[in-house]
Structure formats: structure tokens, C-alpha cells
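Next come the chains, spelled out residue by residue.
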Amino acid sequence: MNWIKLGAGLLAAALSLGAAAQDFPKAPVKIVIPFPPGGPTDTVGRLLAVKLQESWGQPVVIDYKPGAGTVIGADFVAKSAPDGLTFGMVNSSLAVNPTLRKRLPYDTTRDLAGITQLFNMQLAIVARPDAPFDNLKQLIAYARSHPGKLNYGTPGAGSTTHLGAELLKREAGFEMQHVAMKGSAPAHTELMGGRLDLVVDPFLSVLPYVQAGKMKLIATMGARRVSGHDYPTVAEVLPGFDVGALLGFVAPAGTPKPVLQKIYADTRKALASPEMKQRAQEYGLEIVGSKPEEFDAFIASEMKRWGKVVVDAHIEIE
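Computed from a prediction, not measured in an experiment: that's the story for all the values here. (Residues numbered from 1 in each chain as written. Predicted model: local features only at pLDDT ≥ 70, side-chain atom pairs only at ≥ 80, totals over all residues. Heavy atoms only, no water.)

**Comments concerning the pairing of strand β3 (residues 86–91)**
Among the six residues that make up β3, six are buried, leaving the element largely enclosed by the rest of the structure. Pairing analysis gives three bridges linking strand β1 (residues 29–33) to β3, with the strands arranged parallel. Following the sheet pairing, Ile31 is matched in β3 by Phe87. (Buried < 20%, exposed > 50% of the residue type's maximum accessible area, 1.4 Å probe, protein only. Helix = DSSP H or I, 4+ residues; strand = E, 2+ residues; numbered from the N terminus. Pairing = 2+ DSSP bridges.)

**A short note on unusual backbone geometry**
Backbone phi values are negative for most residues with the exception of glycine, while trans is the configuration of most peptide bonds. For the bond from Phe24 to Pro25, the omega torsion is -5°, close enough to zero to count as cis. By the secondary structure assignment, Pro25 is in the loop between α1 (3–23) and β1. Phi angles above zero are rare outside glycine, and Ala68 is one such case at about 55°. Here Ala68 lies in the loop between β2 (60–64) and α3 (71–78). If you check the backbone angles, Thr70 has positive phi at about 75° while not being a glycine. When you line up the elements, Thr70 lands in the loop between β2 and α3. The exposure class assigned to Thr70 is buried, which follows from its relative accessible area of 9%.

**What to know about the packing of helix α8 (residues 184–192) against helix α9 (residues 203–211)**
Orientation of α8 relative to α9, taken along the N-to-C sense of each, is 35°, at an axis distance of 11 Å. In this structure, the crossing between α8 and α9 has a hand that is right-handed. Side by side, α8 and α9 meet where Ser184, His188 and Met192 of the first sit next to Ser205, Val206 and Tyr209 of the second. Here the contact of α8 with α9 is composed, by residue class, of three nonpolar, three polar and no charged. (Axes fitted to C-alpha atoms, helices over the stretch in contact; angles between N-to-C directions. Left-handed = near helix turned anticlockwise from the far one by under 90°. Contact = heavy atoms within 4.5 Å. Nonpolar A, V, L, I, M, F, W, Y, C, P; charged D, E, K, R; others polar.)

**With respect to the side chain of Thr267**
One can find Thr267 in helix α10 (residues 257–271). With residues near it in sequence (within four places) discarded, Thr267 still touches Leu52, Thr116, Leu118 and Phe249.

**Some words on the packing of aromatic side chains**
The tally for this structure, following the rule as stated, stands at four aromatic pairs. Ring geometry for Phe24 versus Trp56: centroids 5.4 Å apart, planes at 80°, classification edge-to-face. Residue Phe24 is located in the loop between α1 and β1, and its partner Trp56 is located in helix α2 (residues 40–56); the two are separated by 32 residues in the primary sequence. Accessibility assignment for this pair places Phe24 and Trp56 in one class, buried. Above the plane of the ring of Phe76 lies Lys65, whose end atom (NZ or CZ) is 4.5 Å from the centre. Sitting over the ring of Trp306, Arg305 keeps its end group 4.7 Å from the ring centre. (Phe/Tyr/Trp six-rings, centres within 6.5 Å; stacked < 30°, edge-to-face > 60°. Lys NZ or Arg CZ within 6 Å of the ring centre and 35° of its normal.)

**Observations regarding the side chain of Ser205**
With respect to the helices and strands, Ser205 occurs in helix α9. Apart from residues no more than four positions distant in its own chain, Ser205 is found in contact with Ser184 and His188.

**Focus: the pattern of salt bridges**
Tallied over the entire structure, the rule returns 19 salt bridges. In this structure, Lys169 and Glu175 form a salt bridge, with 3.6 Å as the shortest nitrogen-oxygen distance. Among the charged side chains, a salt-bridge network with shared partners connects Lys30, Asp63 and Lys65. (Salt bridge = Lys/Arg side-chain N within 4 Å of Asp/Glu carboxyl O.)

**Quick word on the packing of helix α7 (residues 160–172) against helix α12 (residues 292–312)**
Interhelical geometry of α7 versus α12 gives an angle of 70° and a closest axis separation of 10 Å. Accordingly, the angle class assigned to the pair α7 and α12 is roughly perpendicular. The element α7 and its partner α12 pack so that their crossing is left-handed. Residue-level contacts link Thr160, Leu163, Gly164, Leu167 and Arg170 of α7 to Trp306, Val309, Val310 and Asp312 of α12. Grouping the constituent residues of the contact of α7 with α12 by class yields five nonpolar, two polar and two charged. (Parallel < 35°, antiparallel > 145°, perpendicular 65-115°, else oblique.)

**Structural notes on the confidence of the model for the chain**
Counting all residues, the mean pLDDT for the chain is 90, and 93% of those residues have values of 70 or more. A low-confidence stretch, residues 10–16 stays under pLDDT 50, and its non-local contacts, those more than four residues away or across chains, total zero contacts. (pLDDT = per-residue confidence, 0-100.)

**A few points about the environment of Arg305**
In this fold, Arg305 is placed in helix α12. Residue classification places Arg305 among the partly exposed residues on the basis of a relative accessible area of 32%. A C-alpha to C-alpha distance of 34 Å links Arg305 and Val60, two positions 245 residues apart in sequence. Not counting chain neighbours up to four residues away, the residues in contact with Arg305 comprise Asp242 and Val243.

**Quick word on α8**
For an α-helix the count is 3.6 residues per turn, leaving residues at separations of three or four pointing the same way. For α8, the full list of buried residues reads Ala187, His188 and Leu191. Along the long axis of α8, the arc covered by the buried residues comes to 100°, so they all point the same way. Against β4 (112–127), β5 (151–154), β7 (198–202) and α9 lie the buried residues of α8. Once α8 finishes, Gly194 follows within two positions and takes phi at roughly 85°, a positive value. (Arc of directions from axis to C-beta.)

Now the structure itself:
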């Protein structure tokens, strides 16, 4: 074998990939969002699309693929061409689904490649304004003295909101019944209609109702209070408690690393824009902007973490 020729060939290939990444993209780009249109998640996704379109000079369009706990959207991305022209938004369901669901049409670590974690998203526990408790200590005391009385709704079984509530129940030593809803909006309706006692949902989803006096915020579930919002955390009652949700971008496995790096770098620039910082502040989102390899490692660690919660809580979806 001519090692000089082989080395020259590899160098040429590497230079070619690097040049291709610098010119990326040469065609319209599609961002798959595994949720229905509307809502804060879609809002930040569309704002990022606008910023990337400005950077790239190519159309960046949103393609909605909702359903099956984000599986439909993630599967579409996993089976797309690995050229960087199709990538997708994911949330914590990406790390939960491998343990939660018996059959997935893709392998999370083999078929998808991380681009960046966009945000860390706080979760919150809310109640009706007339609930007989105003804070977490009172909620725990009420639940313990009224066993089996309380129920709580989440956007769906196996969601991070569901698993976070199950973790809270175990650590605080009380019981309440889970009611799985088909999304946040139905859960909000049932709470305000008096058919649910509590809802666990992303902070950004419940904030408008809390500010309007239609819901009472009991606690947020992150390690720290949401920046710009003075609401108590679960950790102030249960030290060390920290449950959040992620939003990130992933691409099909096999997407050239220089292309992943290009998308990551331009997305990080978009995240640093004044408009995105303002929107993140409004929604209580913490901007992350991690590197592709950091996001891959984080997803792997989250799969282990939530996998244990799923198994311990005996939760399973066909």
C-alpha cells in the first residue's frame, strides 16, 4: 500500500469536507419539530429558524411531525439523509423513550447525532387558586393527611413532567394519582375546571395562567429559582432535588462532523442574539448552547437517569 498516496487522499477528503461545511447550506434547510404548531416551544423554534436563515442565506422551514411522545418526529430525522439539510428539535422524551417504550423505530444513540442542547427548561407544579395549600410544605402535609385524595395531570404518560412528579412523590413520601392528558392545553382546562387538583408542566406553559391569577404556582422543580421570576423551588424543601427538561437539536447519524459543527456554531450565535435572550428570559428558559459531543454525552447520562425512574415507577408504554 502506498501510504503517501493514502495520507494525501485522506487529507484531501478532510479538506473537502471542511470546505463543504464552510459553504453549508447550498439548499433549503428543514427543521423538524415533534410538536403541534403554537406554544412557546414552537415560538423559540421559529425564532431560531429565522436567525439561521439570516446567517445562511437559504430558506429554513419548519416541518411539524407531532405524535407518539416525539417518536414520529425523531424517527423522521433519524431516517433523513445525513447531509445537514434536515435536523430536528427534541426534548427530554428523547432520553426517556428508550426505556419507556417497548419498541422504537430507531436507536437513539446509533441513529441520531447531537448538534446542541438549546435550553434547559424548568418544570412547575401548579394548583387552582382555591386549593387548600399555598406552598410545597403545605401540599405535602395535605397529601399525607388525605391519602388517595389528590390527583395531578401532565401532558402525557412517561413525559418528564410525569417522571418528575413520581420522583417528588417518592422523595417527599406522599401519594397522588397521575392523570395522563393529551397535551398541556387539556391539562390546563381540566385544572381550571376543577377536575384536576394539580398540574405538572413546563414553567413556560403555565406562566401566563399564573400571572393572570387562574393558577397558583406551588413550586418550580429546578435546583435554582427561575431567572427573573421569584417563585420557590422544590429544592428549598427537599435539598438536592433538581428536575428539568431539555430542548435541543439532533441530526441523522452519519452527518459529517464539520457540518454538525457548522450548524452548532451558527445556532450558538443565534442563541446569543438579543431577541433570543429576551424570549428565553420571558419563558424562564436557560440558554445552554453545548457542543455536539457534550450534548451526546448529556443524552446518554439522561437515558440512564430517567431509565431508572421509569423502571422504579413501573411505567411502560406499548
